[in-house]
Amino acid sequence: MTSGQNQCTNRLVLALVLILSAASMGAGELNSGSTRSDIPNIGDGVQMSSVAERRLGDRIVRNLYLDPDYLDDPVVADYLQSIWQPLLASARKRSEILPELDAAFAWQLLQGRDRTVNAFALPGGYFGVHLGLIGIVSSRDELASVLAHELSHVTQRHIARLMSKQSEQAPWLVGAMILGALAASKNPGGANAVIVGGQAAAAQFQLNFSRDMEREADRTGFGVAADAGFAPEGFVSMFEKLQQSNRNNDSGNFPYLRSHPLTTERIADMKSRIPEGTSSVPISTLEHATVSARARLLSNSSVDALRNWYAETEPGWLAKSTSSQKVASLYGATLAAIKLRDFSRALAYSNRLQTLVANDARATRQSQYLRAELFMAEGRPDVALSTLGFNAAPSTRADLLLWIPLKVATGQADVAADAAQLWLIDNRTDASMWQQLANARASQGRLVAAVRAEAEVNFAHFDYASAVSRLKAAQSLYRSSPQNADHIEASIVDVRLRQVEQLLREQAVER
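Residues numbered from 1 in each chain as written. Predicted model: local features only at pLDDT ≥ 70, side-chain atom pairs only at ≥ 80, totals over all residues. Heavy atoms only, no water.

Caption draft 1: Representation of the overall build of the protein chain. Helix and strand counts for the protein chain come out as 25 helices and four strands. For the protein chain, the residues scored as buried account for 53% of the 511 residues in total. Taking contacts inside the protein chain between residues at least 6 apart in sequence as the whole, the part at least 24 apart equals 70%. (Helix = DSSP H or I, 4+ residues; strand = E, 2+ residues; numbered from the N terminus. Buried < 20%, exposed > 50% of the residue type's maximum accessible area, 1.4 Å probe, protein only. Contact = heavy atoms within 4.5 Å.)

Caption draft 2: Structural view of the pairing of strand β2 (residues 108-112). For β2, the tally of buried residues reaches four of five residues, placing the bulk of the element in the interior. Examined bridge by bridge, strand β1 (residues 70-71) and β2 share two bridges and lie antiparallel to one another. The residue bridging L71 from the neighbouring strand is Q111, located in β2. In this sheet, strand β4 (residues 126-130) lies alongside β2 in parallel orientation, the contact comprising five bridges. When the bridges of β4 are listed, G112 appears paired with H130. (Pairing = 2+ DSSP bridges.)

Caption draft 3: Just the packing of helix α20 (residues 397-409) against helix α21 (residues 413-426), in detail. Axis separation between α20 and α21 bottoms out at 8 Å; the angle between their running directions is 155 degrees. Considered as vectors, α20 and α21 are oriented roughly antiparallel to each other. α20 and α21 meet at a crossing whose hand is left-handed. Touching R397, L400, W403, I404, K407 and V408 of α20 are A413, V415, A416, A419, A420 and W423, all from α21. Within the contact of α20 with α21, the residues separate by chemical class into ten nonpolar, no polar and two charged. (Axes fitted to C-alpha atoms, helices over the stretch in contact; angles between N-to-C directions. Parallel < 35°, antiparallel > 145°, perpendicular 65-115°, else oblique. Left-handed = near helix turned anticlockwise from the far one by under 90°. Nonpolar A, V, L, I, M, F, W, Y, C, P; charged D, E, K, R; others polar.)

Caption draft 4: Representation of the packing of helix α18 (residues 361-377) against helix α19 (residues 381-388). The contact between α18 and α19 brings their axes to 7 Å, and the two run at 170 degrees. When the axis of α18 is compared with that of α19, the two are roughly antiparallel. For the pair α18 and α19, the contacting residues are R365, Q368, Y369, R371, A372, F375 and M376 in the first and P381, V383, A384, T387 and L388 in the second. Grouping the constituent residues of the contact of α18 with α19 by class yields eight nonpolar, two polar and two charged.

Caption draft 5: The nonpolar core, seen in detail. L87, W107, L133 and L151 are the most contacted members of the largest nonpolar core, which totals 130 residues. The residues contacting W107, other than those within four sequence positions of it, are W84, L88, R92, I97, L101, D102, G124, G125, F127, L151, V154 and T155. (Core = buried A, V, L, I, M, F, W, Y, C linked by side-chain atoms within 4.5 Å.)

Caption draft 6: Region of the structure containing the pattern of salt bridges. Taken as a whole, this structure holds 26 salt bridges when the rule is applied. The partner of R157 in a salt bridge is E53, with the nearest N and O atoms 2.7 Å apart. Placement of R157 in the loop between α6 (140-155) and α7 (158-166) and of E53 in helix α2 (residues 50-66) is noted, with a sequence separation of 104 residues between them. Under the relative-accessibility criterion, E53 is labelled buried at 1%. Between E489 and R446 there is a salt bridge, with its nearest N and O atoms 3.9 Å apart. Here E489 is found in helix α25 (residues 487-510), whereas its partner R446 is found in the loop between α22 (431-444) and α23 (447-460), with 43 residues between them in sequence. Here E489 falls in the buried class, since its relative accessible area comes to 6%. Overlapping salt bridges, with partners in common, bring together R446, R452, E456, D486, E489 and R496 in one network. (Salt bridge = Lys/Arg side-chain N within 4 Å of Asp/Glu carboxyl O.)

Caption draft 7: Broad picture of the sheet that holds β4. Overall, mixed pairing links the four strands, which are arranged β1-β2-β4-β3 in an open sheet. Edge positions in the sheet fall to β1 and β3 (119-122), since each of these pairs with one other strand and no more. Packing against the sheet, helix α3 (residues 74-93) makes contact with β2 and β4, and its axis sits at approximately 140 degrees to β2. Each of β2, β3 and β4 touches α6; the most contacted strand, β3, lies at about 20 degrees to it.

Caption draft 8: Structural context of the packing of aromatic side chains. Evaluation of the coordinates by the stated rule reveals eight aromatic pairs. An angle of 85 degrees between the planes, with centres 5.1 Å apart, marks the rings of Y65 and Y70 as edge-to-face. Residue classification places Y65 among the buried residues on the basis of a relative accessible area of 13%. Taken together, the ring pairs in this structure connect F222, F235 and F239 into an aromatic cluster. Seen from the ring of Y310, R345 lies directly overhead, with NZ or CZ sitting 4.1 Å from the centre. One residue, R496, lies across the ring of F459, its end atom 4.4 Å from the ring centre. (Phe/Tyr/Trp six-rings, centres within 6.5 Å; stacked < 30°, edge-to-face > 60°. Lys NZ or Arg CZ within 6 Å of the ring centre and 35° of its normal.)

Caption draft 9: Representation of the side chain of D430 within the structure. Note on placement: D430 falls in the loop between α21 and α22. By relative accessible area, which is 9% here, D430 ends up buried. Only 3.0 Å separates the side chain of D430 from the side chain of W423, close enough to count as a polar contact. Sequence-distant contacts of D430, that is, excluding residues within four places in its chain, are made with R397, W423 and L424. (Polar contact = N/O pair within 3.5 Å; in protein donor to acceptor, adjacent residues only side chain to side chain.)

Caption draft 10: Structural context of unusual backbone geometry. A positive phi angle, close to 60 degrees, is found at R341, a residue other than glycine. Residue placement: R341 occurs in the loop between α16 (323-339) and α17 (343-356). Residue R341 is classed as exposed on the basis of its relative accessible area, which comes to 54%.

Caption draft 11: Local environment of α19. For α19, the full list of buried residues reads P381, A384, L385, T387 and L388. Take α19 and look down its axis: the buried residues cluster within an arc of 160 degrees, on one side only. Buried positions along α19 lie against α18 and α20. Immediately downstream of α19, the backbone of G389 shows phi near 75 degrees, a positive value. (Arc of directions from axis to C-beta.)

Limitation: the analysis is restricted to geometry and does not speak to function.
Structure follows, in structure tokens:
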């Protein structure tokens, strides 16, 4: 089967898992709480418990981790978290996230290397953000409006409510999906034909059912974002931008509009909630310009697309650009030149970028990250390390994920491993950090520990079968040379293998 067929099959199976789970879920705990008086009352109780919804979310996200479009770019992730964490804190303070839900759900953001403008919420507190969305928003306030809206879908248990409704039509829909999944193994085109009839009627039903939920998510999200310190006008400007895009673009590049239908009424509702006499217009910061440019480039890194960035640095183009646009153009051109391994051009662009952002601390930090990437790609990790300027191990995730491989490359694997291990004490499911630890352990010559860390990468992505395989490989390593074995690490491997094998058996039963 080709990679395209595999991807098609994975997506169909993903949809099938979601619907089957909704159909088979018995009555569980009731609704997680009441809504505010000014928010439409959907009226339907929630049959799925928060624990069951989280399990379903774990099963779905396992497939997303396998998708070639999934990525974990530390710079983009760090910027998203600078918006996401204040939103979560605001939602908790407003009691939108109740203690039971807070403990049960993941509250994780996943990046997708996709040019389409989209974001989505999944069961169990997982959220997807396409790089295409980050690349089109003009400010962190606009991005916060989308994230707050999606967060509110989860805090108001909209997904569980939808699946409760969906289960009423599941028997015939599941039949169509099963046929589609089977057809996908032989012919993706045939699969699409088989499932289209089953999906069409259900899609219309869901769309009608979700309009009140959209209003509820708008209003709840508006309050969450405003209380988190974001400009409420971000909702209005984002809605207007999407509406204008919908008018001008019918190529299917804005799937967010199909699942989140915009109406004049919704835009007017957001405008009416902004207190009279106040004005806090969303501002496009230079930091946002750099991250937006990065997202645009990472979502489309073909050779032609990379070379197109050079045109944005021409004097005629820059002369009519705003400060933010100039910064975005030079950042994108620098990263494009790095990807194309044109290091002299990249350094020239980077020097110009440094001058433009010299008076902006946050944008300067982004520029330093980029210069470190340049020097690392050029094979000068020592220069890259000095560019970052850390005298000791940094404390933020993005800093660590850039700093650790530089330490390994400059012969300081012990320091790198210690920093990764310290981070993982409080962040056990950080797959990217486990991978950095694996690299550092391998550089130390601690192969059993390195393979065990690779198993933890698989475990963090719910790929228990691969985790078991790596743990058995670690066992083979220390058994083949017991005199050189790290006995503490060997004991950890044995314990983890038993734990993961049990989870794998449970996972098999769920299927």
